[in-house]
Amino acid sequence: MKTTRTRGTKARELGVGEVAARSGVAVSALHFYEKKGLIHSLRTAGNQRRYPRDVLRRVAVIKVAQRAGIPLAAVREALDTLPDGRTPTAADWSRLSRRWHADLDDRIARLTRLRDQLDGCIGCGCLSLKACPLRNPEDALGEEGPGPRLLEPADA
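Notes on the structure follow. Residue numbers restart at each chain and count upward from 1, following the sequence in its written direction. With the structure being a predicted model, the display of local features is reserved for residues of pLDDT at least 70 and the display and counting of side-chain atom pairs for 80 or more, all residues being used for whole-chain, interface and lining totals. Values reported for side chains reflect all heavy atoms of the structure, with hydrogen atoms and water molecules removed beforehand.

We now examine the packing of aromatic side chains. Any two rings among Phe, Tyr and Trp, with Trp reduced to its six-membered ring, count as a pair given centres within 6.5 Å; such a pair is stacked if its planes are under 30 degrees apart, edge-to-face if over 60, and tilted if neither. This structure, assessed with the given rule, holds two aromatic pairs. With centroids separated by 6.4 Å and ring planes inclined at 55 degrees, the aromatic side chains of Phe32 and Tyr33 adopt a geometry described as tilted. Accessible area is worked out with a 1.4 Å probe on protein chains only. A residue is then buried under 20% of its type maximum, exposed over 50%, and partly exposed in between. Accessibility expressed as a relative area gives 37% for Phe32, which makes it partly exposed. With centroids separated by 5.8 Å and ring planes inclined at 65 degrees, the aromatic side chains of Trp93 and Trp100 adopt a geometry described as edge-to-face. Judged by its relative accessible area of 8%, Trp100 falls in the buried class.

See below:
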């Protein structure tokens, strides 16, 4: 969203360097977030980026979501539900985080299974593709016939 700043709004806007310093995020990351539609800037008559103050909270939401392993596409979808021009509130965050709760529970369960199955790999050397629960769960490769196969589990 590129718009020209109007007079009288300067006090509410932050330059890209100030947003970077206050959020602890690199300028290049802010440009990347903007390119991905996660945040938006306004443009001055000289085409300099200016961010509304609510961008600081939005960047914080993005960083927390990234730490939780939420894909940026899902973060963008969630942020798109927030009204523009308003700082996300605790209620907004609660609503957004509920959307990701089931996905996080599923990932935690998959990672726990992976962790627990890794012990069986010690000494295996992946020489037993038929029996390997990580590389060939339930001998899915065998169902495709003889010969080499590559399988990436759908839930990996």
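Let us look at the nonpolar core. For the purposes of this section, nonpolar cores are sets of buried Ala, Val, Leu, Ile, Met, Phe, Trp, Tyr and Cys residues that join through side-chain atoms within 4.5 Å. With 22 residues, the main nonpolar core has Leu30, Ile39, Val75 and Leu79 as its most contacted residues. Only DSSP runs of H or I with at least four residues qualify as helices, and only runs of E with at least two residues qualify as strands; both kinds are numbered from the N terminus onward. Of all the elements in the fold, those that place two or more residues in this core are helix H1 (16-23), helix H2 (27-35), helix H3 (55-67), helix H4 (72-79) and helix H5 (90-118). Any pair of residues with heavy atoms lying within 4.5 Å of one another is described as a contacting pair. Once you skip the residues sitting within four places of it in the chain, Leu79 turns out to touch Leu38, Arg58, Val61, Ile62 and Leu96.

Residue Asn47 is not a glycine yet carries a positive backbone phi of 65 degrees. On the secondary structure map, Asn47 appears in the loop between strand S2 (42-43) and strand S3 (49-52).

Two strands form a pair only when DSSP identifies at least two bridges running between them. The sheet contact formed by strand S1 (residues 13-15) and S3 spans three bridges and is antiparallel. Paired with Glu13 across the bridge in S3 is Pro52. Pairing of S2 with S3 involves two bridges; the strand directions are antiparallel. In the sheet register, Leu42 faces S3, and the bridge partner there is Arg50. Between the end of S2 and the start of S3, which pair antiparallel, lie five residues, with Asn47 showing a positive phi angle near 65 degrees.

Let us look at H3. For H3, spanning 13 residues, the distance from its first C-alpha to its last is 18 Å, which sits close to the expected 18 Å at 1.5 Å a residue. Within H3, burial applies to Val55, Leu56, Arg58, Val59, Val61, Ile62 and Ala65. Those residues of H3 hidden inside the fold are in contact with S1, H1, H2, S3, H4 and H5. In the stretch just after H3, Gly69 is the one whose phi turns positive, near 85 degrees. Multiplying 1.5 Å by the helix residue count minus one yields the expected span of that helix.

Each salt bridge in this description consists of a side-chain nitrogen of Lys or Arg and a carboxyl oxygen of Asp or Glu lying within 4 Å of one another. The final tally for this structure, using the stated rule, is seven salt bridges. Of the charged contacts, one joins Glu18 and Arg22 as a salt bridge, the two residues approaching to 3.7 Å between their closest N and O atoms. With a gap of four residues between them, Glu18 and Arg22 both fall in helix H1, about one helical turn apart. What makes Arg22 partly exposed here is its relative accessible area of 48%.

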